[in-house]
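Descriptive structure summary
Take a look at the letters that make up each chain.
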Amino acid sequence: MTSLFRAYLDASLILRVTIALVLGLVAGLLGGETLAAWVAPLGDLLLRLLKFLIVPIVLFTLIVGINQAELGRLGRMGGKVFAYYVVTSALAIVVGLVVASLLSPGSGMTLDDSASVSVPENPGIVSVLLSIVPSNIVAALAEPNLQGIIFTAFVFGIALLKLRQRGAALEDAAHADGEAHSGAKPQSDEKTQGELAEKLYGVIEGLNAVTMKVMAGVLQFVPIGVFAIVTGTVAKQGLGTILSLGSMVLVLYLALAVHLLLYCVLMKSFGVRLGAFFREARTPMATAFATQSSSGTLPLTLNAAQRLGLPRSLYAFSLPLGATVNMDGAAIRIAISAVFAANVAGIPLDLTDMLEIVLIGTLTSIGTAGVPGAGIVMIATVFAQVGLPIETVALLTSIDALVGMGCTALNVTGDLTGSAIIARSEARSGEASVTQESAA
């Protein structure tokens, strides 16, 4: 037993997760819901462990990351992150519309008028933007409100950086002048604040290191939890559901593959090594596929970014934000669902309708961030705006889990892709600055 456990620990994490996915698929088909009920607690435990780590990882990693960069560079990187998320979301919808228009999922199916679905209310972009600023920090940490946690970490991280920089500047000035600057009370207070800020930063760095150590332990349980979750998902969906809406599922996964290929082209054009990228990204991708949770996979995504050698000041901000805002997989789902609904209802989509889907879908993918059942909310919102029958949403909910798995995996991949591309962009900017200074 000891040697078997040692072999389990020595095997690579992605090998264990891959085996867990395959075994979960087989167990779900053969064991059915009885076996799924037995192993369900293991899947719940994995989700709890991952969610348990979200708050400390986002809070400490972001504060430490901010304090390792200059404010001007942070602003420039932030602008690139937002631009990347908006552009790739719009591009994802275009990809989905093109693939779905060529393959026509839903053609020949008829709409069941008795079908109904309960769609959560769309909070809208304004409400989501306001929720970024929490009215209660403790409540934001307890919920957890990921946007609120990012805002809290960002504000306190910048304040801590300013205090440390001011304290360091006074210390340098004191050494340069050969004086202690004890005569000026404001400077003395600022120097003390700088020293306290430096000590606080050391504590936060230590807490971040401890959190990463805990995460290393949680990683050992990931394959077991993935097996349990996949078993339950396959047992509940069954072959009947998969086969009845198989064309929709196949078209969606083809579109996801096309968009993944676009990621590869983008990374290659920026000089990102694809082999190294996917070697580290495949574990969070597989975990996201099984858990259907971008936020829940966030600890593994941050770990992958660290192993890729990306700047902490970048990924500590871009990945938590992307887990709630960047939804390329969900955007593709919107586009394909719209074409599917149009084919089922016999309503052809013209170019104007498709442009409207691109615009509304891009905004909606941001406006429903963090809402339970966000995929269904996005689809229903777009359907209502374009004039497609809401009844078709009921058909799509039957394959929600199967579709959500692939979409979530692409969401996580898109977050990491953006961070890798922006890191290379920043490196090129730095090289260009050095070249210009040398020339001067």
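Residues numbered from 1 in each chain as written. Predicted model: local features only at pLDDT ≥ 70, side-chain atom pairs only at ≥ 80, totals over all residues. Heavy atoms only, no water.

Regarding the overall build of the chain
Note the cut-off: By the criteria applied, helices consist of DSSP H or I runs no shorter than four residues and strands consist of E runs no shorter than two, each listed in order from the N terminus. Here the term buried applies to any residue with accessible area under 20% of the maximum for its type, exposed to any over 50%, and partly exposed to those in between, with areas from a 1.4 Å probe on protein chains only. Every residue pair with non-hydrogen atoms within 4.5 Å of one another is taken to be in contact. What sets the accessible areas is the Shrake-Rupley method with a 1.4 Å probe; for residues, cover comes only from the shown protein chains.
Within the chain, the secondary structure is distributed over 17 helices and zero strands. The proportion of buried residues among the 440 residues of the chain is 49%. Contacts spanning at least 24 positions in sequence make up 85% of the contacts within the chain whose residues lie at least 6 apart. Of the roughly 20,100 Å² of accessible surface on the chain, 65% is carried by carbon and sulfur atoms.

Considerations on the pattern of salt bridges
To be explicit about the condition: A pair is scored as a salt bridge if a Lys or Arg side-chain nitrogen falls within 4 Å of a carboxyl oxygen belonging to Asp or Glu.
Scanning all chains against the criterion turns up four salt bridges. A salt bridge links E426 to R76, with the nearest nitrogen and oxygen atoms 2.7 Å apart. Of this pair, E426 sits in helix α17 (residues 400-439) while R76 sits in helix α3 (residues 71-103), placing them 350 residues apart in sequence. Classification of R76 as partly exposed rests on a relative accessible area of 40%. R307 serves as the salt-bridge partner of E280, at 2.7 Å between the closest nitrogen and oxygen. Here E280, found in helix α10 (residues 274-291), pairs with R307, found in helix α11 (residues 298-307); they are 27 residues apart in sequence, far enough to count as distant. The exposure class assigned to E280 is buried, which follows from its relative accessible area of 16%. Here the salt bridges share partners, and the residues they tie into one network are R76, K80 and E426.

Section: the nonpolar core
The cut-off we apply is this: Among the buried residues, those of types Ala, Val, Leu, Ile, Met, Phe, Trp, Tyr and Cys that are joined through side-chain atoms within 4.5 Å form a nonpolar core.
In this structure, I336, I357, F383 and L388 are the most contacted members of the largest nonpolar core, which totals 111 residues. The contacts of I357, once residues within four sequence positions are left out, are I93, L97, I334, A338, L349, T362, V382 and V386.

As for unusual backbone geometry
Even without a glycine there, the phi angle at Q292 is positive, about 60°. As for its placement among the helices and strands, Q292 is situated in the loop between α10 and α11.

Brief notes about the packing of aromatic side chains
Selection criterion: A pair of aromatic rings is counted whenever rings of Phe, Tyr or Trp (Trp by its six-membered ring) have centres within 6.5 Å, and the orientation is called stacked for planes under 30 degrees apart, edge-to-face for over 60 and tilted otherwise. Two conditions define a charge sitting above a ring: the NZ of Lys or the CZ of Arg must be within 6 Å of the ring centre, and it must be within 35 degrees of the ring normal.
In the structure shown here, the tally under the stated rule is four aromatic pairs. Where F154 meets F317, the ring centres are 5.6 Å apart and the plane angle is 45°; that geometry is what we call tilted. With a gap of 163 residues between them, F154 in helix α6 (residues 146-177) and F317 in helix α12 (residues 312-325) connect regions that are remote in the sequence. Taking the relative accessible area as the measure of exposure, F154 reaches 26% and is therefore partly exposed. Assessed through its relative accessible area of 13%, F317 is described here as buried. Members of the aromatic cluster, connected to one another through ring pairs, are F82, F154 and F317. Against the face of Y201 rests R164, its NZ or CZ located 4.0 Å from the ring centre.

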